[in-house]
Amino acid sequence: MKIERPRGTRDFLPDEMERRREIEKRMRKIAESFGYREVATPTFEYLELFTRKSGEGIIEEMYVFKDKSGRDLALRPELTAPVMRMFVNECSVMPKPLRFYYFANCFRYERPQKGRYREFWQFGVELIGSESYLADAEVIILADKILKDVGVNFSLEIGHVGIMRYLLKPIGEDRASKVMRLIDKGDREGLESYLAEIRVNEDLRDKIFSLLELKGDESVIEEAKEIIDYDFGHLESLSALLRDVGVDFTLNLGIARGLDYYTGVVFECYAEGLGAQKQVCGGGSYELSSLFGGPVTPSTGFAIGFDRVCEACSVEAGEKSVVAVVSFKGLESQAFRVASMLRERGFTAVVDVMGRNLKKQMSFASEMGVKYAVILGPDEVKSGRVAIKNLETQEQVVVAEEELFSILQ
Ligand code: ATP
Ligand code: MG
């Protein structure tokens with residue numbers, strides 16, 4: 001009986017893998033051009049790393065298990081908490097700011113559908129140690145640049161959870177977090193009934209809903225000032241800088257973000273053509289270091305949903321040309337030798353490992369879309385020569401072994 005792969009997971013065949021690697025390569029290159037350096041953390045962590053801020057509720061969305069010594073562990077659902085744990089444990093005395101990036105798989109026990117998997121990949125960055133709007137500006141510019149470079153059509157929306165959290169102060173942190181989650185889910189009815197349940201007065205209720213609706217250009221900041229007495233300086237400076245450098249965005253004060261650790265500016269990118277699972281990037285500023293026993297360290301970052309980007313973008317994998325080394329029976333070691341010479345010169349070369357005759361080797365090479373076959377026959381080998389056949393044009397030439405490379409270019 002066949003064994004299926006687990007629900008919500010995928011297999012990637014070579015064509016798709018080559019394309020994914022090409023996209024990944026471009027993302028890395030841009031992050032590195034901004035001075036970010038790669039980090040890696042374990043695939044599983046102590047469960048508490050993820051529940052300390054978000055509460056036990058998050059367990060439902062995670063792969064949680066006990067190891068043989070009874071420790072509670074979880075497969076990572078995201079990388080910001082692991083990277084900040086690493087920062088606290090290993091890097092808290094390093095000169096700041098720190099610029100880290102990662103590309104890694106994450107696991108969430110979600111209902112699988114298009115664009116939503118139980119194992120998926122994130123490409124993300126953390127800029128650790130600054131609370132300036134300049135740090136938010138840098139990561140937003142970086143996210144914008146990456147998505148543009150891989151050819152995603154997207155819109156960028158920027159909000160600020162500090163404003164809503166300030167408004168929600170009177171109801172206490174736990175209730176505020178619940179409100180933020182309902183806002184994030186876009187569940188207006190749920191929000192309405194929850195606010196009624198906890199007896200929020202009408203004035204606050206109206207303010208919450210008015211703030212949520214504020215979406216547009218910088219004029220929404222003026223409107224927000226009518227609703228709440230808050231210092232909007234950070235958001236104003238950020239908006240002005242992003243306009244100056246030509247980043248296109250909409251302000252949206254209704255962005256809440258699902259994870260609890262955000263403190264200030266938050267942002268999301270939505271790709272065209274992806275349907276419900278259109279959010280391809282989410283980020284913002286947060287403080288997690290002190291929660292993990294380190295010094296208070298304001299940070300900012302984002303995570304790009306790599307799988308959704310792969311679906312939304314136009315990048316094609318580069319064509320790789322393969323040379324087939326085809327040989328008569330008895331010349332196998334010559335075939336291996338010529339193939340390794342080719343590889344040393346940077347070519348991709350394959351030899352027959354099926355014990356096929358020459359004709360079958362040739363037809364397999366054609367089937368695989370190989371452009372050149374290097375043919376080794378007894379006469380050629382004796383005189384130190386090889387035949388090269390272009391399988392597209394059927395042209396064949398015989399050359400000295402050393403001339404092989406110039407013809408294959
Ligand atoms: P969503 O609202 O779509 O569930 P999220 O708010 O849970 O997203 P984040 O935790 O901010 O997402 O993760 C960052 C990015 O990772 C998302 O913008 C999305 O592109 C991607 N992502 C999140 N969950 C999944 C998943 N289950 N499968 C594929 N990609 C995902
Ligand atoms: Mg989610």
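A.B. asks: How do you make sense of the side chain of Q122 when you look at a structure like this?
C.D. replies: Looking at the secondary structure, you find Q122 in strand 6 (residues 119-128). Apart from residues lying up to four places away in sequence, Q122 is in contact with E78, L79, Y102, F103, A104, C106, R108, A303, I304 and F306.

A.B. asks: Help me understand the site of ligand 1, please; the structure alone is not making it clear to me.
C.D. replies: Near ligand 1 there are 15 residues, and of these R108, E110, R116, R257 and Q279 occur at the shortest range. R116 is positioned with one of its side-chain polar atoms (N or O) 2.8 Å from an oxygen atom of ligand 1. In the environment of ligand 1, an oxygen atom lies 2.6 Å from a nitrogen or oxygen atom belonging to the backbone of Q279. Taking 570 Å² as the accessible area of ligand 1 by itself, protein coverage stands at 89%. Those elements that provide at least two residues to the shell around ligand 1 are strand 6, strand 11 (279-286) and strand 12 (299-305). Residue classes in the shell around ligand 1 are distributed as 6 nonpolar, 4 polar and 5 charged.

A.B. asks: How should the sheet that holds strand 17 (residues 396-400) be read in this particular structure?
C.D. replies: Sheet strands pair by backbone hydrogen bonding; their relative direction is either parallel or antiparallel. Read from one edge to the other, the open sheet built from 5 strands follows the order 14-13-15-16-17, with strand pairing classed as mixed. Either end of the sheet is taken by a strand with one partner, and the two such strands are strand 14 (348-351) and strand 17. When strand polarity is set aside, the average angle formed by the axes of neighbouring strands in this sheet is 30°. Relative to strand 16 (residues 385-390), strand 15 (residues 372-376) is paired through 4 bridges, and the arrangement is antiparallel. Bridge pairing in strand 16 links Y372 to N390. Helix 12 (residues 332-344) contacts strand 13 (322-327), strand 14 and strand 15 of the sheet and is inclined by roughly 170° relative to strand 14.

A.B. asks: Explain helix 7 (residues 188-197) here, please?
C.D. replies: Owing to its 3.6 residues per turn, the α-helix aligns residues three or four sequence positions apart on the same side. Taken together, the buried positions of helix 7 are G190, L191, Y194 and L195. Looking straight down helix 7, one finds its buried side chains confined to an arc of 130°; they lie on one side. Turned more than 90 degrees from where helix 7 packs its buried face, E189, A196 and E197 sit exposed. Of the surrounding secondary structure, the elements contacted by the buried residues of helix 7 are helix 6 (173-184) and helix 8 (202-212). R199 sits one or two residues past helix 7 and shows a positive phi near 55°.

A.B. asks: Hey, could you run me through the domain arrangement of the protein chain in this one?
C.D. replies: Quoted interface sizes are often the accessible area lost when the parts come together. Parsing the protein chain into structural domains produces domain 1 (14-312) and domain 2 (322-408). Summarising the inter-unit geometry, the C-alpha centres of domain 1 and domain 2 are found 53 Å apart.

A.B. asks: Explain the packing of helix 4 (residues 133-149) against helix 10 (residues 233-244) here, please?
C.D. replies: Each pair of packed helices can be described by the angle between their axes along with the distance between the axes. Two elements in contact, helix 4 and helix 10, have axes separated by 9 Å at closest approach and are oriented at 40°. On the basis of the axis angle, helix 4 is oblique to helix 10. The handedness of the crossing between helix 4 and helix 10 comes out as right-handed. For the pair helix 4 and helix 10, the contacting residues are Y133, L134, D136, A137, I140 and I141 in the first and H234, S237, L238, L241 and L242 in the second. Among the residues forming the contact of helix 4 with helix 10, the class breakdown is 8 nonpolar, 2 polar and 1 charged.

The rules behind the values
Residues numbered from 1 in each chain as written. Chains lettered and ligands numbered in written order. Predicted model: local features only at pLDDT ≥ 70, side-chain atom pairs only at ≥ 80, totals over all residues. Heavy atoms only, no water. Helix = DSSP H or I, 4+ residues; strand = E, 2+ residues; numbered from the N terminus. Contact = heavy atoms within 4.5 Å. Near = heavy atom within 4 Å. Polar contact = N/O pair within 3.5 Å; in protein donor to acceptor, adjacent residues only side chain to side chain. Areas by Shrake-Rupley, 256 points an atom, 1.4 Å probe, with all protein chains shown as cover. Nonpolar A, V, L, I, M, F, W, Y, C, P; charged D, E, K, R; others polar. Pairing = 2+ DSSP bridges. Axes fitted to C-alpha atoms, helices over the stretch in contact; angles between N-to-C directions. Buried < 20%, exposed > 50% of the residue type's maximum accessible area, 1.4 Å probe, protein only. Arc of directions from axis to C-beta. Domains from an automatic or database assignment. Parallel < 35°, antiparallel > 145°, perpendicular 65-115°, else oblique. Left-handed = near helix turned anticlockwise from the far one by under 90°.

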